[in-house]
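Now for the letters of each chain:
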Amino acid sequence: MFTRRTLIGAASALALLSATGIAQAQDKMYIPLISKGFQHQFWQAVKAGADKAAKEFDVEVTFEGPDNETMVDKQIDMLSAALAKKPAAIGFAALDSQAAIPLLRKAQEQNIPIIAFDSGVDSDIPMATAATDNIAAAALAADKMADLIGDEGKVALVVHDQTSRTGIDRRDGFVNRIKEAHPKIEIVSIQYGAGDQLQSTEITKSILQANPDLKGIFGSNEGSAIGVVNGVKESGRKDVVIIGYDSGAAQKQAIKDGLMAGAITQNPVGIGYETVKAAIAAAKGETVEKNIDTGFYYYDKSNIDDPKIAAVLYD
């Protein structure tokens, strides 16, 4: 029969063993990633990179995002729920670069490091941001557009939003490059389609109807670009140059079929991987690079099968 003294002694011994790591292994480091969405193949590729890092570094990673990229409130709820679990660090891709700041401050007060990914936050709270240089990438898209339309004429943009860092930077990167380097090109319309294919299709048809002499359209993400392709096709136009952004099976096929001239591809697997890697380092108190540039390429029919390009495309 166990006495009270025996039980206390056993409990003390167990506590001592646990403190020295002998009794049981520590739980895995937990790092939730809160994405801007889940529906685009881009986000599935980011998740694949995060899962790869989780396996390599033996940490627990979860990945979630709202059903579409207009659901700012839903994303904030997800961030709040993740924060309540007291994780080692959080990866966050902001739909609205301002709306999340109060929760990010709360994380900072609790010493939970924030690593921004894909879309930065208008704050110095994130310890690092793993992302494409979207301004430079969109400027390259503008240069490619200019080359393909003879460096003059009217163009338009269908952008996924005007609240996230990616939406702002891709819009401004394209627009500013046109203004700086291509003065004979006129931007006649900038519209926002929430990255939704159907919405972007209708926007594209409206732009084309209002501008029958339009020469080109830039679609700023996967859903926007496919919407532009569909809108141009449904309008019966074959003379409009389309430059997209991101990859995905439909976009790659549009390029192979000649419906889209080319697109910028990011490195989404690299974004996911580097986010988790930085989160682990930050949680351990190690120094992390403030801006982690994960790179980009322009691809078209001529180089889509190049091994270097194919490695960063996704279906």
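Calculation rules
- Residues numbered from 1 in each chain as written.
- Predicted model: local features only at pLDDT ≥ 70, side-chain atom pairs only at ≥ 80, totals over all residues.
- Heavy atoms only, no water.
- Helix = DSSP H or I, 4+ residues; strand = E, 2+ residues; numbered from the N terminus.
- Buried < 20%, exposed > 50% of the residue type's maximum accessible area, 1.4 Å probe, protein only.
- Contact = heavy atoms within 4.5 Å.
- Arc of directions from axis to C-beta.
- Pairing = 2+ DSSP bridges.
- Axes fitted to C-alpha atoms, helices over the stretch in contact; angles between N-to-C directions.
- pLDDT = per-residue confidence, 0-100.
- Salt bridge = Lys/Arg side-chain N within 4 Å of Asp/Glu carboxyl O.
- Core = buried A, V, L, I, M, F, W, Y, C linked by side-chain atoms within 4.5 Å.

Here we come to the overall build of the chain. Counting its secondary structure elements, the chain contains eleven helices and twelve strands. Considering only C-alpha atoms, the chain reaches an extent of 90 × 40 × 35 Å along its principal axes. In the chain, which comprises 315 residues, the proportion classed as buried is 52%. When contacts within the chain are restricted to residue pairs at least 6 apart in sequence, long-range pairs at least 24 apart make up 74% of them.

What follows deals with helix 4 (residues 101–109). For helix 4, the complete set of buried residues consists of Ile101, Leu103, Leu104 and Ala107. Down the axis of helix 4, the sector holding all buried residues measures 160°, keeping them to one side. Exposed positions of helix 4 whose direction lies more than 90 degrees from the buried face are Pro102 and Glu109. Packed against the buried residues of helix 4 are helix 3 (72–84), strand 3 (90–92) and strand 4 (114–117).

If you walk across this open sheet you meet the six strands as 7-6-8-9-10-12, and the pairing is mixed. Whereas interior strands pair on both sides, the edge strands pair on one side only; in this sheet they are strand 7 (185–192) and strand 12 (297–300). Across the sheet, the mean angle separating the axes of adjacent strands is 20° when strand polarity is ignored. Of the pairings in the sheet, the one linking strand 6 (residues 153–159) to strand 8 (residues 214–219) comprises five bridges and is parallel in character. The residue of strand 8 that forms the bridge with Val158 is Gly219.

Let's shift gears to the confidence of the model for the chain. Across the chain, the average pLDDT comes to 91, with 92% of residues at 70 or higher. Long-range and interchain partners of residues 1–25, a stretch whose pLDDT sits below 50, account for seven contacts in this model, where long-range means more than four residues apart.

As a working rule, side chains carrying opposite charge can pair if their charged atoms are close by. For the structure shown, the criterion picks out twelve salt bridges. As a salt-bridge pair, Lys154 and Asp213 come within 3.2 Å of each other at their nearest N and O atoms. With Lys154 in strand 6 and Asp213 in the loop between helix 7 (197–210) and strand 8, this residue pair connects regions lying 59 residues apart in the sequence. Here Lys154 falls in the partly exposed class, since its relative accessible area comes to 26%. Exposure remark for Asp213: the relative accessible area of 44% places this residue in the partly exposed category. Salt bridges sharing partners connect three or more residues here, namely Lys36, Asp118 and Arg170.

Take the nonpolar core next. Burial of nonpolar side chains together is a common tendency in soluble globular proteins. Leu33, Val61, Phe117 and Val276 are the most contacted members of the largest nonpolar core, which has 29 residues in total. Within the residue set of this core, elements represented by two or more residues are strand 1 (30–34), helix 2 (41–57), strand 2 (60–64), strand 4, strand 5 (128–131) and helix 10 (268–283). Take this core: its biggest share by element is eight residues, from helix 10.

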